[in-house]
Amino acid sequence: MTSDVVLRDVVDNDLPIFFEFQLDPDANHMAAFTAKNPTDREAFTAHWEKILAAPTVIVRTIVTDGQVAGSVLSYVEDGRPEVSYWIGRAYWGRGIATRALAVFLAYANTERPIHARVARDNLRSIRVLEKCGFTVTGETRGFASARGEEIEELVMELAPDGGGDAR
Ligand SMILES: CC(C)(COP(=O)(O)OP(=O)(O)OC[C@H]1O[C@@H](n2cnc3c(N)ncnc32)[C@H](O)[C@@H]1OP(=O)(O)O)[C@@H](O)C(=O)NCCC(=O)NCCS
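It should be emphasised that the depicted structure is a prediction, and the values quoted were computed from it without experimental measurement.

Draft legend 1. The site of the ligand, seen in detail. Surveying the vicinity of the ligand reveals 22 residues, the closest of which are Ile-87, Gly-93, Thr-98, Arg-127 and Lys-131. In this structure, Ile-87 approaches the ligand through a main-chain N or O atom, which is 2.7 Å from an oxygen atom. Within the backbone of Gly-93, one N or O atom sits 2.7 Å away from an oxygen atom of the ligand. For the ligand, whose free accessible area comes to 970 Å², the fraction covered by protein is 75%. Among the elements that make up the shell around the ligand, the one with the highest residue count is helix α5 (residues 123–131) (six residues).

Dropping the structure here:
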């Protein structure tokens with residue numbers, strides 16, 4: 001089933017919902033490169049205040065059937081734009097991340113190339129990126145706070161002429 005997906009600006013009332021989403025242990029394991037302590041609400045709030053104030057960050061709340069389902073954002077890392085997203089666990093497997101990223105890339109961040117980094121074993125996220133036209137361009141290793149160790153990470157890129165099934 002593919003759900004209806006709408007992106008809108010983030011409002012303050014979204015933040016407690018995002019906080020709950022990022023507490024999920026399985027989601028943390030998947031995302032891997034997460035907050036050191038997801039239960040630290042002060043750190044979470046400070047992080048989101050920075051995100052919302054940063055001129056180089058574009059962030060949207062993902063809404064499906066009138067419910068907040070997650071967030072999608074782009075930020076600049078080492079001088080190049082990267083995307084990331086987080087979907088609440090109850091909403092997984094409905095095509096929401098794919099639809100949200102496709103919409104985000106079409107109107108919110110049109111800069112190319114655009115990158116993404118993903119734990120090598122985060123197969124769902126890799127699939128989302130592939131469906132949106134990203135391809136693997138490199139591999140690296142990084143410290144994953146959620147796992148307390150260094151893990152393999154894929155670097156993926158949507159090229160200027162990149163397409164995808166989700167477009
Ligand atoms: C990764 C995440 C964004 C996926 O969201 P989602 O809304 O469930 O994704 P979609 O439904 O759009 O697509 C998931 C795809 O993965 C596939 N999939 C599911 N489980 C899989 C598995 N174990 N192996 C391979 N593919 C899998 C689904 O079949 C689907 O592909 P399809 O449409 O070709 O069938 C979500 O699980 C999440 O937010 N996780 C925690 C945070 C995170 O990992 N963020 C990304 C950081 S890079």
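Draft legend 2. Focus on the environment of Thr-98. By the secondary structure assignment, Thr-98 is in helix α4 (residues 96–108). Between the alpha carbons of Thr-98 and Arg-127 there is a distance of 8.7 Å; along the sequence they are 29 residues apart. Aside from chain neighbours lying at most four places away, what touches Thr-98 is Val-128, Lys-131, Cys-132 and Ala-166.

Draft legend 3. Layout of the environment of Asp-121. Its place among the elements puts Asp-121 in the loop between β5 (114–119) and α5. For the pair Asp-121 and Ala-31, spaced 90 residues apart in sequence, the C-alpha to C-alpha distance is 9.5 Å.

Draft legend 4. Local environment of the packing of aromatic side chains. A complete count under the given rule lists four aromatic pairs for this structure. Ring geometry for Phe-19 and Phe-44: centres 5.1 Å apart, planes at 75°, overall edge-to-face. With Phe-19 in helix α1 (residues 15–21) and Phe-44 in helix α3 (residues 41–53), this residue pair connects regions lying 25 residues apart in the sequence. There is no split in this pair, since Phe-19 and Phe-44 are both buried.

Parameters and conventions
- Residues numbered from 1 in each chain as written.
- Predicted model: local features only at pLDDT ≥ 70, side-chain atom pairs only at ≥ 80, totals over all residues.
- Heavy atoms only, no water.
- Near = heavy atom within 4 Å.
- Polar contact = N/O pair within 3.5 Å; in protein donor to acceptor, adjacent residues only side chain to side chain.
- Areas by Shrake-Rupley, 256 points an atom, 1.4 Å probe, with all protein chains shown as cover.
- Helix = DSSP H or I, 4+ residues; strand = E, 2+ residues; numbered from the N terminus.
- Contact = heavy atoms within 4.5 Å.
- Phe/Tyr/Trp six-rings, centres within 6.5 Å; stacked < 30°, edge-to-face > 60°.
- Buried < 20%, exposed > 50% of the residue type's maximum accessible area, 1.4 Å probe, protein only.

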